[in-house]
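Structural overview for review
Chain by chain, the residues run as shown.
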Amino acid sequence: MTKIGLEIHCQLTKLESKLFCSCKADYRSFEVNSNICPVCIGLPGSLPILNKKAVEKAAMLSIALGCKVPPKIGFFRKNYFYPDLPKNFQITQYNAYGPTSIGYEGKIIIEEKEIRIRRIQLEEDPGRLVYSGSSEKTQITLVDYNRTGTPLVEMVTEPDFENPKQVRVFLNILADLVENLGIADPYLEGAFRVDGNISIEKGNRVEIKNVGSFRDIEKALHFEITRQQSLAERGIPIPAETRHWDEARKITVSSRSKEEEQDYRYFPEEDIPKIIIEKALLDGLKKIMPESVMSKKERYINKYGIPVQVAEVLSSDKFYSDLFEQSHTEKNAKEIANLITTDLKGFADTKEQREQLKLTPKHLLDLADAILDNKITRNSGKVALQEVIKTGKPLSEIISSLDLGNVDDESSLVKTIEEVFIEEQKAVSEAKQNPDTINYLVGKVMRKTKGKANPNLTLDIIRKKLDSQ
Ligand SMILES: [Zn+2]
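First, a word on what this report is: a plain description of the structure on this page. Only a predicted model underlies this, so the values are computations on that prediction, with no experimental measurement involved. (Residues numbered from 1 in each chain as written. Predicted model: local features only at pLDDT ≥ 70, side-chain atom pairs only at ≥ 80, totals over all residues. Heavy atoms only, no water.)

1. Regarding the overall build of the protein
Scanning the protein for helices and strands turns up 16 helices and 15 strands. Its C-alpha radius of gyration of 29 Å places the protein more than 25% over the 23 Å reference for a compact globule of 469 residues. Expressed as a percentage of its 469 residues, the buried residues of the protein come to 49%. In the protein, the proportion of contacts linking residues at least 24 apart, taken out of those at least 6 apart, comes to 69%. Entry remark: accessible area of the protein is about 23,800 Å², with carbon and sulfur atoms responsible for 51%. Side chains of the protein give 69 positive and 71 negative charges; the mean places of these two sets differ by 0 Å. (Helix = DSSP H or I, 4+ residues; strand = E, 2+ residues; numbered from the N terminus. Rg over C-alpha atoms; globule rule 2.2 N^0.38 Å. Buried < 20%, exposed > 50% of the residue type's maximum accessible area, 1.4 Å probe, protein only. Contact = heavy atoms within 4.5 Å. Areas by Shrake-Rupley, 256 points an atom, 1.4 Å probe, with all protein chains shown as cover. Lys, Arg positive; Asp, Glu negative; His and termini not counted. Charge placed at Lys NZ, Arg CZ, Asp CG, Glu CD.)

Written out as structure tokens, the structure reads:
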């Protein structure tokens, strides 16, 4: 069985300052090496001071992901040498001596599958290496320390994913969550970075690093599954290793051998005292947090009887769920959920589509009511919705100008059905023998009325007419 676990780094891009100093967290707008100070580049004698807002944001995320938050958190030094790390250690959190990271043992449910969150830790980002030319051939590597000390959270999942698609769904929910919570803009370059651990049946664990966009992780995992399977089929052992995602070639390539945990020589960061997380702080955060995707989904299912899959699609996208919240009534909630997830989805998925969208919550409300009141069929509803998306005209105007109103008038429907009976004599006699074929006649009536006939009424009249013949 394929097992996939994730390590997700998410910068807290909504914060003003870095994790341990007053340099700007938004390092992107600065000239190289100008957003730095003695603390973030670790000059001797400098002392870190923890950013309280960063603790609060990370705690919010922990709560939202169902994690436990310990009463006391602590920081550790993770020692390693790398040019982007001027102190030669990274200040992070570590749970080997009991849980002291901001969150642990959480879970999130996607597509009926529980994904366990092992821990969430608050840590500082290192600097950035800038290569001149492609990273493989270049002789010159430059270092920009503006990013050093930027606050980020690392989320580590258990290896609970069984396929790349689950990973994608999870990451979409997570990206939405950090955006809704006001923690980060996950679409900023470098703000949301994902590493994956993957193993197939009996194979060793391979780590994929360096996936620049979180959309690429799905591709990287697919590639890795195929690569590992083809090795296994030929009886070649799969070595435990770290591989890098080569974005240009869309393949993973073997890279440096992975450090073992003991290589990092974790030890407590004594420059930062233990921080007590009071219950009052957590209660306060819970009050100001927007409803989580998970509880939204539960509410849609339990309160309105919306099917699980529809509720999942609806709740996982803030744009669509906001639209739902603003348009639904008790009576039409299910219909609106359907309209959004089947007819609107695909036409309002991207930022550009959303900016151009002329549809308002009122349109959706009117449309759902028109369908439920049998004023138009679902098919005509689809056509009307397309017109609304493009023009933003009131629904009633669209229904009359495109002539989409239901043919509810029995006498005109009877006339159409009589025509069909004359044209389709063979089908009529078949339908008399075998009632299962009656739908063929209903279909003919629908075509003649351009899909506007009330299907139940049509079926009724046809049945009566067959009986009486
Ligand atoms: Zn600084």
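Moving on, there is more to tell.
2. Considerations on the environment of D467
Along the chain, the position of D467 falls in helix α16 (residues 455-468). With 322 residues separating them in the primary sequence, D467 and Y145 have C-alpha atoms 84 Å apart.

3. Side note on the sheet that holds strand β11 (residues 206-211)
Taken in spatial order, the eight strands line up as β5-β6-β9-β1-β10-β11-β12-β13 in an open sheet, and their pairing is mixed. Edge positions in the sheet fall to β5 (103-110) and β13 (251-254), since each has one partner strand and no second. When the angles between neighbouring strand axes are averaged without regard to direction, this sheet yields 25°. With four bridges connecting them, strand β10 (residues 192-199) and β11 associate as antiparallel partners. Counterpart to V194 in the pairing with β11 is V211. (Pairing = 2+ DSSP bridges. Axes fitted to C-alpha atoms, helices over the stretch in contact; angles between N-to-C directions.)

4. Description of the pattern of salt bridges
Counted according to the given criterion, the structure contains 37 salt bridges. Its salt-bridge partner being D125, residue R147 comes within 3.4 Å of it at the nearest N-O pair. Taken together, the residues R147 in the loop between β8 (141-144) and β9 (151-157) and D125 in the loop between β6 (113-124) and β7 (128-131) connect sequence positions 22 residues apart. For the pair R147 and D125, one class covers both residues: buried. (Salt bridge = Lys/Arg side-chain N within 4 Å of Asp/Glu carboxyl O.)

5. So, the sheet that holds strand β3 (residues 76-79)
Ordered in space as β4-β3-β14, the three strands form an open sheet in which the pairing is antiparallel. Each having just a single partner strand, β4 (89-92) and β14 (267-268) make up the two edges of the open sheet. Pairing between β3 and β4: four bridges, direction antiparallel. Bridging across to β4, K78 finds its partner in Q90.

6. Observations regarding the coordination of the zinc ion
Within the protein, the zinc ion binds to C21 (SG), C23 (SG), C37 (SG) and C40 (SG); these donor distances fall in the range 2.3 to 2.4 Å. Relative to the metal, the four donor atoms surrounding the zinc ion lie at angles of 104 to 112°, and the coordination shape comes out tetrahedral. In the primary structure, the donors to the zinc ion are separated according to the pattern C-x1-C-x13-C-x2-C. Residue C23 is found in the loop between β1 (3-11) and α1 (52-64), and its partner C37 is found in the loop between β1 and α1; the two are separated by 14 residues along the sequence. Each member of the pair, C23 as well as C37, is classed as buried. (Donors = N, O, S within 2.8 Å, 3.2 Å for Na, K, Ca; no water. Tetrahedral: all angles 85-135°; square planar, octahedral: opposite > 155°, others 65-115°.)

7. As for unusual backbone geometry
One non-glycine residue with positive phi stands out, namely E105, at about 50°. Examined against the element boundaries, E105 turns out to sit in strand β5. Accessibility expressed as a relative area gives 48% for E105, which makes it partly exposed. Its identity as a non-glycine residue notwithstanding, N374 has a phi of 65°, on the positive side. The topology assignment puts N374 in the loop between α10 (361-372) and α11 (378-391).

8. Some thoughts on the packing of helix α13 (residues 410-423) against helix α15 (residues 438-448)
Where α13 meets α15, the closest approach of the two axes is 10 Å, and the angle between their N-to-C directions is 120°. Classified by the angle their axes make, α13 and α15 are oblique. The hand of the α13/α15 crossing is right-handed. Residue-level contacts link L413, T416, I417, E419, V420, F421 and E423 of α13 to L441, K444, V445 and K448 of α15. (Parallel < 35°, antiparallel > 145°, perpendicular 65-115°, else oblique. Left-handed = near helix turned anticlockwise from the far one by under 90°.)

9. Brief notes about the packing of α13 against α16
The geometry of α13 relative to α16 is characterised by a closest axis approach of 10 Å and an angle of 55° between their N-to-C directions. Considering their axes alone, α13 and α16 lie oblique with respect to each other. When you trace α13 past α16, the crossing you get is right-handed. Along the contact surface, α13 presents E410, L413, V414, I417, E418 and F421, while α16 presents L457, T458, I461, I462, K465 and L466.

10. Re the side chain of T150
Along the chain, T150 falls in the loop between β8 and β9. Discounting residues that sit within four places of it in the chain, T150 has contacts with Q11, K18, A25, Y27, E123, E124 and D125.

11. A look at the packing of aromatic side chains
Considering all chains together, one arrives at eleven aromatic pairs under this definition. With centroids separated by 5.8 Å and ring planes inclined at 75°, the aromatic side chains of Y80 and Y264 adopt a geometry described as edge-to-face. In this pair, Y80 sits in the loop between β3 and β4 while Y264 sits in the loop between β13 and β14, placing the two residues 184 residues apart along the sequence. Ring centres 4.8 Å apart and planes at 65° place the aromatic pair Y300 and F324 in the edge-to-face group. Placement of the pair is Y300 in helix α5 (residues 293-304) and F324 in helix α7 (residues 318-327), with a sequence separation of 24 residues. Here Y300 falls in the buried class, since its relative accessible area comes to 0%. F324 gets classed as buried once you look at its relative accessible area, which sits at 0%. (Phe/Tyr/Trp six-rings, centres within 6.5 Å; stacked < 30°, edge-to-face > 60°.)

12. Considering α10
For α10, spanning twelve residues, the distance from its first C-alpha to its last is 17 Å, which sits close to the expected 16 Å at 1.5 Å a residue. Within the span of α10, buried status applies to H363, L364, L367, A368, A370 and I371. End-on, the buried residues of α10 take up no more than an arc of 160°, which puts them together on one face. In this structure, the buried side of α10 is in contact with α7, α8 (333-344), α11 and α12 (395-401). N374 occupies a position one or two residues after α10 and carries a positive phi of about 65°. (Expected span 1.5 Å × (residues − 1). Arc of directions from axis to C-beta.)

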